Amino acid sequence: MTRKALSPDGTRWKPPVLSVLALALSLVSPVFAADEPDLIFRRSTVFKWVSPNDTLATYGVDDPEVEGVACHFTVPEKGGFTGWLGLAEQVSDISLACRQIGPIHFKGKLQQADDMFRQRRSLFFKKMQIVRGCDAKRNVLVYMVYSDKLIDGSPKNSTSTVPIMPWGAGDAAVQKCGEFIQ
């Protein structure tokens with residue numbers, strides 16, 4: 001007869017299978033930020049016979065701190081079995097375009113060069129970041145995307161700007177980004 005392990009309250013211990021599975025999935029998941037970007041489309045770039053193809057994927061993400069601004073970025077995604085399992089280190093070639101999509105309203109004070117979005121690009125060490133800044137002299141929001149690595153980063157980057165302009169007849173009072181930088 002085998003003895004069942006009991007917890008201090010007298011109930012049986014349950015195997016931590018679900019906890020281990022959740023932890024494994026969180027490590028494999030490519031998204032590191034709170035909100036996942038919206039996949040717009042993917043386009044195959046390298047055909048693979050048995051495993052998934054390498055692709056270019058275009059995503060859209062709204063700036064969580066600045067209402068009325070959205071960014072789109074395109075990233076290469078490795079296929080193959082390692083890419084499918086989330087184990088492949090993704091390359092650092094990322095393009096970025098940000099635009100005003102409505103009246104711009106700041107939700108609060110912002111830090112210069114603050115992270116607007118982050119996404120993991122490898123299992124442990126590499127991440128992509130979109131950072132936001134303000135060119136107060138020109139009243140322009142500046143977005144830069146780059147990837148970094150724990151050991152050696154990548155100088156590959158892309159920049160996009162969003163001039164703060166009135167949006168329609170009802171948006172006469174244009175906010176100044178310099179007033180919202182701490």
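All of these numbers come straight from a predicted model, not from anything done at the bench. (Residues numbered from 1 in each chain as written. Predicted model: local features only at pLDDT ≥ 70, side-chain atom pairs only at ≥ 80, totals over all residues. Heavy atoms only, no water.)

*Asks:* Any details on the side chain of Arg132? Residues and values, ideally.
*Replies:* Here Arg132 lies in strand 6 (residues 126-135). Within polar-contact distance, the side chain of Arg132 engages the side chain of Asp63 at 2.7 Å. Setting aside anything within four residues of it in sequence, one finds Arg132 in contact with Asp63, Glu65, Val66, Leu110, Gln111, Gln112, Ala113, Asp114, Met116, Leu141, Val142 and Tyr143. (Helix = DSSP H or I, 4+ residues; strand = E, 2+ residues; numbered from the N terminus. Polar contact = N/O pair within 3.5 Å; in protein donor to acceptor, adjacent residues only side chain to side chain. Contact = heavy atoms within 4.5 Å.)

*Asks:* Tell me about the packing of aromatic side chains, and please be specific about residues and values.
*Replies:* One pass over the full model with this rule turns up three aromatic pairs. Relative to Phe117, the ring of Phe73 lies with its centre 5.6 Å away and its plane at 35°, an arrangement referred to as tilted. Taken together, the residues span a long stretch of sequence, with Phe73 in strand 3 (residues 66-77) and Phe117 in strand 5 (residues 114-120) at a distance of 44 residues. Residue classification places Phe117 among the buried positions, given a relative accessible area of 3%. (Phe/Tyr/Trp six-rings, centres within 6.5 Å; stacked < 30°, edge-to-face > 60°. Buried < 20%, exposed > 50% of the residue type's maximum accessible area, 1.4 Å probe, protein only.)

*Asks:* I'd like a description of the state of the cysteines, backed by residues and values.
*Replies:* What the rule picks out here adds up to two disulfides. What pairs with Cys71 in a disulfide is Cys98, and their sulfur atoms sit 2.0 Å apart. The sign of the 105° torsion about the S-S bond sets the Cys71-Cys98 disulfide as right-handed. Placement of Cys71 in strand 3 and of Cys98 in strand 4 (residues 95-106) is noted, with a sequence separation of 27 residues between them. (Disulfide = S-S within 2.5 Å.)

*Asks:* Could you give me a rundown of the nonpolar core, with the residues and numbers involved?
*Replies:* Formed by 26 residues in total, the largest nonpolar core has its most connected members in Phe73, Phe106, Ile130, Leu141 and Tyr143. Mapped by element, the contributors of at least two residues to this core are strand 2 (54-62), strand 3, strand 4, strand 5, strand 6 and strand 7 (140-149). Residue contributions to this core peak at five residues, all from strand 3. (Core = buried A, V, L, I, M, F, W, Y, C linked by side-chain atoms within 4.5 Å.)

*Asks:* A description of the pattern of salt bridges should follow, citing residues and the corresponding values.
*Replies:* Using the criterion set out here, one finds five salt bridges in the structure. Measuring nitrogen to oxygen at the nearest pair gives 2.9 Å for the salt bridge that ties Lys156 to Asp93. Remark: Asp93 occurs in the loop between helix 2 (80-84) and strand 4 and Lys156 occurs in the loop between strand 7 and strand 8 (157-163); sequence separation between them is 63 residues. On the basis of relative accessible area, Lys156 is assigned to the partly exposed category, the value being 44%. Judged by its relative accessible area of 40%, Asp93 is partly exposed. (Salt bridge = Lys/Arg side-chain N within 4 Å of Asp/Glu carboxyl O.)

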